[in-house]
Amino acid sequence: MSATGEALTSTQYIQHHLTNLAVGEGFWTWHLDTLFVTLALGILFLGTFYRVGQKATTGVPGKFQCFVEMCIEFVNDIVKESFHGRNALIAPLSLTIFMMVILMNTMDLIPVDFIPEAAKAIGIDYMKVVPTTDLNTTFAMSLSIFALIVGFSIKVKGFRGFTRELTMNPFNHWVFIPFNFALEMVTLLAKPISLALRLFGNMYAGELIFILIALMPWYLQWGLSVPWAIFHILVIVLQGFIFMMLSMVYLSSACEDH
Amino acid sequence: MNINATLLGQAISFTLFVLFCMKYVWPPLIAAIEERQKKIADGLASADKAAKDLKLAEAKATDQLKDAKAQAATIIDAANKRKSQIVDEAKDEAHAERVKILAQAEAEVEAERNRLKEELRKQVAGLAIAGAEKIIERSIDAAANSDIVDKIVAEL
């Protein structure tokens, strides 16, 4: 919408685009659009991959099976290279993170007004379609990874080992226990926070720039929006890769026994 | 409703973006996928071919083995035949030789017998004559009766 829109100023337009469809109050607010899009993409991802898995042939694969195989092989190779240890969860987890983040980011490529306007036409006022521009999504994922980090650490090193790691590093003396603990806590907590904020920041900034471009006169928009979208193809895949890679590295170090 | 020209602008952008993807993003992806497909197909085909070749080679080997066996059998047959032929020939030859030797021996024996007979006859004739001479000495002259003696000698 250009700035001369009937009811909205530029600020209102931007704000409108950055507001989730929410129900509830305070903490118990549900972002229905985020939940719905994430669920739909999850079903899309799992459904297609499940179908391919069911129909997979050991002969010459179809094009889509080939694509799925390439994705899985890519992730599997990375897991083999960077995760030293045996864990049945890591590879499927990495694949899911990779594909889901990419799919959610890909929603960014759909023009910013298409889905909100369509939603408006059927009476839904707000519609923010990129789940990864919602801090709740990115934190949900990174906190799950955090739980796994803690869980694996305790499982591999034992509760004593985990506590030891938090309190006896880097200075192995009882005097330094509070200092060590503070230091290690920062290291530990920085992992989920950096994971979530990196993805959120990248996608939010990208989305915002799309919205700003949409404020330009309609006949000029393509000049900026097409290059930005093309650049975004890279960002989308890269963010998915980074999220997966870092999760794997964190989990790998959690599983390593010193 | 706030639908206005912005939507048009976004539609243009989106179209261009999709065109870009069609031209520059999709082809390399599809090419990679097709290459992978081709690789797999080639691998499977060559595996099939190898299996077929192996089977062919096996069949060929079996054939050759059979041929060799048959040939060996023929050679052995021929050798057997030749052997019996040689044995037969040798038998025949030996038989002929025996007959010849026997004949010769018989002839020799016959000749010896004839000679002995002759000698004996002569000696008997001599003895007879001597006996006769002794008998006749008293009565007749030997010359007058020699024809009778000759006759006796001839009869002996």
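Above this note sits the structure.
Definitions and limits used
Residues numbered from 1 in each chain as written. Chains lettered and ligands numbered in written order. Predicted model: local features only at pLDDT ≥ 70, side-chain atom pairs only at ≥ 80, totals over all residues. Heavy atoms only, no water. Salt bridge = Lys/Arg side-chain N within 4 Å of Asp/Glu carboxyl O. Buried < 20%, exposed > 50% of the residue type's maximum accessible area, 1.4 Å probe, protein only. Helix = DSSP H or I, 4+ residues; strand = E, 2+ residues; numbered from the N terminus. Phe/Tyr/Trp six-rings, centres within 6.5 Å; stacked < 30°, edge-to-face > 60°. Lys NZ or Arg CZ within 6 Å of the ring centre and 35° of its normal. Expected span 1.5 Å × (residues − 1). Contact = heavy atoms within 4.5 Å.

(A) Inspection of the pattern of salt bridges at higher detail. With the rule as written, the count across this model stands at 11 salt bridges over all chains. Here Glu165(A) and Lys157(A) are joined by a salt bridge, their closest N and O atoms 3.0 Å apart. Here Glu165(A) falls in the buried class, since its relative accessible area comes to 18%. The class for Lys157(A) is buried, based on a relative accessible area of 14%. Here Arg115(B) makes a salt bridge to Glu119(B), at a shortest N to O gap of 3.5 Å. You can see Arg115(B) and its partner Glu119(B) sitting in helix H1 (residues 5-136), 4 residues apart, about one turn around the helix. Classification of Arg115(B) by relative accessible area gives partly exposed; the value is 43%.

(B) Highlighting the packing of aromatic side chains. Under the criterion given, the structure shown has 12 aromatic pairs over all chains. Judged by centre distance (6.5 Å) and plane angle (65 degrees), the rings of Phe210(A) and Trp228(A) are edge-to-face. Of this pair, Phe210(A) sits in helix H7 (residues 177-214) while Trp228(A) sits in helix H8 (residues 221-255); the two residues are 18 residues apart in sequence, bridging distant segments of the chain. Under the relative-accessibility criterion, Phe210(A) is labelled buried at 9%. Relative to Tyr24(B), the ring of Phe20(B) lies with its centre 5.3 Å away and its plane at 45 degrees, an arrangement referred to as tilted. Here the residue Phe20(B) and the residue Tyr24(B) both occupy positions in helix H1, the gap between them amounting to 4 residues, near one helical turn. The class of Phe20(B) is partly exposed, set by a relative accessible area of 23%. A cation over an aromatic ring shows up here: Lys23(B) above the ring of Tyr24(B), its NZ or CZ 5.8 Å from the ring centre.

(C) Broad picture of helix H3 (residues 63-82) of chain A. Between its first and last C-alpha, H3(A) extends 29 Å over 20 residues, near the 28 Å set by a 1.5 Å rise per residue. Here H3(A) has its buried residues at Gln65(A), Cys66(A), Val68(A), Cys71(A), Val75(A), Ile78(A), Val79(A) and Ser82(A). Turning to H3(A), the residues buried within the fold contact helix H2 (32-55), helix H4 (90-106) and H8 of chain A together with H1 of chain B.

(D) Summary view of the environment of His232(A). Residue and element names in this part refer to chain A. Topologically, His 232 is positioned in helix H8. What makes His 232 buried here is its relative accessible area of 1%. In the structure, His 232 is positioned 28 residues away from Tyr 204 in sequence and 12 Å away in space, judged by C-alpha atoms. Once residues lying within four places of it in the same chain are set aside, the contact partners of His 232 are Asp 108, Leu 109, Met 203, Gly 206 and Phe 210.

(E) Representation of the environment of Ile33(B) in the model. The residue Ile33(B) is located in helix H1 in this model. Along the backbone, Ile33(B) and Ala11(B) are 22 residues apart, and their C-alpha atoms lie at a distance of 30 Å. Sequence-distant contacts of Ile33(B), defined by excluding residues within four places in its chain, comprise Lys63(A), Cys66(A), Phe67(A) and Met70(A).

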